[in-house]
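Letter by letter, the chains look like this.
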Amino acid sequence: MPKSKVIFITATDTGVGKTVVTYCLGALLQAQGFNVGVMKPVQCAGEDAQFLKKALGLRDKLKLINPFCAPEPLSPHLAFRRAKIKFDKQRVQDGLKKLQACHDIVLVEGAGGLMVPLTNGYYNVDMIADLKAQVIIVARLGLGTINHTLLTVNEAKKRGLKILGLIFCQTKPGKKGLPERTNPQEIEKLSGVKVLGIIPYLKPLNRKIILRRCQNLKLSGTLSPK
């Protein structure tokens, strides 16, 4: 039996739509017939893991989906220190193996960007390498995203990570200005990384809306297991 594919959803910053992207990818892949699992190894406040479990109809235990959870919305290394939680990378790796045994594809949502510290000297980018995951980078559409996205792409390449592509997420309603309309194409040209698509502002955020409005995402041959 081929090993399931692990795709790590990272971002240029916090609050740019990683959870929305993870849900959209999960729903679209499920609609294509894939058995999709998710993992949120680190969660600092919020209920992203709970939302993904419920929205995607997953039966995996929440502790397996989200092994490390701190109550405060802080950088993980600080949130864990204040909550007296000891982060254990081996526990994450073991949990992922269990999820891989049950699913064709596992989408792993990170906390913040590549260089967010999980504990002293251990960053998201290190966890991605340890999990042997391929990467999708989520970016916002507006002014400033060229710089943030290129820095993220360059760091990922420097670390030897395989980047599957970029997804832009519109996190607020409103008409797109010139930067929002042109940034994806410019970034694709400058970075050499393909844009998988743009997720529009979605409200309500549900499966029916996703399947209707997110068909632009280029998933065929990119996310399917090999």
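Description of the structure in this document. (Residues numbered from 1 in each chain as written. Predicted model: local features only at pLDDT ≥ 70, side-chain atom pairs only at ≥ 80, totals over all residues. Heavy atoms only, no water.)

### Looking at the environment of Lys86
(1) Moving on: Mapped onto the secondary structure, Lys86 falls in the loop between α4 (76–83) and α5 (89–100).
(2) Moving on: The class for Lys86 is exposed, based on a relative accessible area of 75%.
(3) Moving on: Each C-alpha atom, one on Lys86 and one on Leu118, is 9.9 Å from the other, the two residues being 32 residues apart in sequence. (Helix = DSSP H or I, 4+ residues; strand = E, 2+ residues; numbered from the N terminus. Buried < 20%, exposed > 50% of the residue type's maximum accessible area, 1.4 Å probe, protein only.)

### Details of the nonpolar core
(1) Moving on: Judged by nonpolar contacts, the single largest core of 37 residues is most densely connected at Phe87, Val108, Met127, Leu131 and Leu166.
(2) Moving on: Residue contributions to this core peak at four residues, all from helix α6 (residues 124–131).
(3) Moving on: Aside from chain neighbours lying at most four places away, what touches Val108 is Val6, Ile7, Phe8, Ile9, Met39, Pro41, Leu96 and Leu131.
(4) Moving on: Listed in part, the 34 residues of the second largest apolar core include Val21, Cys24, Val138 and Cys169. (Core = buried A, V, L, I, M, F, W, Y, C linked by side-chain atoms within 4.5 Å. Contact = heavy atoms within 4.5 Å.)

### Quick look at the packing of aromatic side chains
(1) Moving on: Counting across every chain of the model gives five aromatic pairs.
(2) Moving on: Ring centres of Phe68 and Phe80 lie 6.2 Å apart, and the angle between their planes is 55°; this geometry places the pair in the tilted category. Here Phe68 is found in strand β4 (residues 68–70), whereas its partner Phe80 is found in helix α4, with 12 residues between them in sequence.
(3) Moving on: Judged by relative accessible area, Phe68 falls into the buried class, the value being 3%.
(4) Moving on: Classification of Phe80 by relative accessible area gives buried; the value is 2%.
(5) Moving on: When the centroid spacing of 4.9 Å and the interplanar angle of 50° are considered together, the rings of Phe68 and Phe87 count as tilted. Taken as a pair, Phe68 in strand β4 and Phe87 in the loop between α4 and α5 lie far apart in primary sequence, 19 residues in all. Take Phe68 and Phe87: they sit in the same class, and that class is buried.
(6) Moving on: Of the aromatic side chains, those joined through ring pairs into one cluster are Phe68, Phe80, Phe87 and Tyr122. (Phe/Tyr/Trp six-rings, centres within 6.5 Å; stacked < 30°, edge-to-face > 60°.)

### With respect to the pattern of salt bridges
(1) Moving on: Using the criterion set out here, one finds eight salt bridges in the structure.
(2) Moving on: Among the salt bridges present, the one from Glu72 reaches Arg82, with a minimum N-O distance of 2.6 Å. Of this pair, Glu72 sits in the loop between β4 and α4 while Arg82 sits in helix α4; the two residues are 10 residues apart in sequence, bridging distant segments of the chain.
(3) Moving on: Take Arg82: its relative accessible area is 51%, and that puts it in the exposed class. (Salt bridge = Lys/Arg side-chain N within 4 Å of Asp/Glu carboxyl O.)

### Notes on the environment of Leu52
(1) Moving on: The residue Leu52 is located in helix α2 (residues 48–55) in this model.
(2) Moving on: When the C-alpha positions of Leu52 and Val20 are compared, they lie 9.1 Å apart, and in sequence the two are 32 residues distant.
(3) Moving on: For Leu52, the residues in contact, after removing those within four places along its chain, are Thr19, Thr22, Tyr23, Val38, Leu58 and Glu109.

### Points about α6
(1) Moving on: Turning to α6, its buried residues number three or more, namely Asn124, Val125, Met127, Ile128 and Leu131. Relative to the axis of α6, the buried residues are bounded by an arc of 160° and lie together on one face.
(2) Moving on: Contacts from the buried residues of α6 go to β1 (5–11), α5, β5 (105–109), β6 (117–119), β7 (122–123) and β8 (134–140).
(3) Moving on: Looking one or two places after α6, you find Lys132, whose phi comes out positive at around 55°. (Arc of directions from axis to C-beta.)

### Section: the packing of helix α1 (residues 18–31) against α2
(1) Moving on: The contact between α1 and α2 brings their axes to 10 Å, and the two run at 15°. The orientation of α1 with respect to α2, classified from their angle, is roughly parallel. Our pair here, α1 against α2, has a crossing hand that is right-handed. Residues Thr19, Thr22 and Tyr23 of α1 touch α2, and the partners they reach there are Asp48, Phe51, Leu52 and Ala55.
(2) Moving on: Per-class residue counts for the contact of α1 with α2 are four nonpolar, two polar and one charged. (Axes fitted to C-alpha atoms, helices over the stretch in contact; angles between N-to-C directions. Parallel < 35°, antiparallel > 145°, perpendicular 65-115°, else oblique. Left-handed = near helix turned anticlockwise from the far one by under 90°. Nonpolar A, V, L, I, M, F, W, Y, C, P; charged D, E, K, R; others polar.)

### What to know about unusual backbone geometry
(1) Moving on: With an omega of 0°, the peptide bond between Lys203 and Pro204 qualifies as cis.
(2) Moving on: Mapped onto the fold, Pro204 is located in the loop between β10 (195–199) and α9 (207–213).
(3) Moving on: The phi dihedral of Lys84 is positive, around 60°, even though this residue is not glycine.
(4) Moving on: A relative accessible area of 77% places Lys84 in the exposed class.
(5) Moving on: Positioned with a positive phi, Lys132 is a non-glycine residue whose angle comes to about 55°.
(6) Moving on: Assignment of secondary structure puts Lys132 in the loop between α6 and β8.

Note that every value here comes from positions in space, so none of it alone points to a role or purpose.
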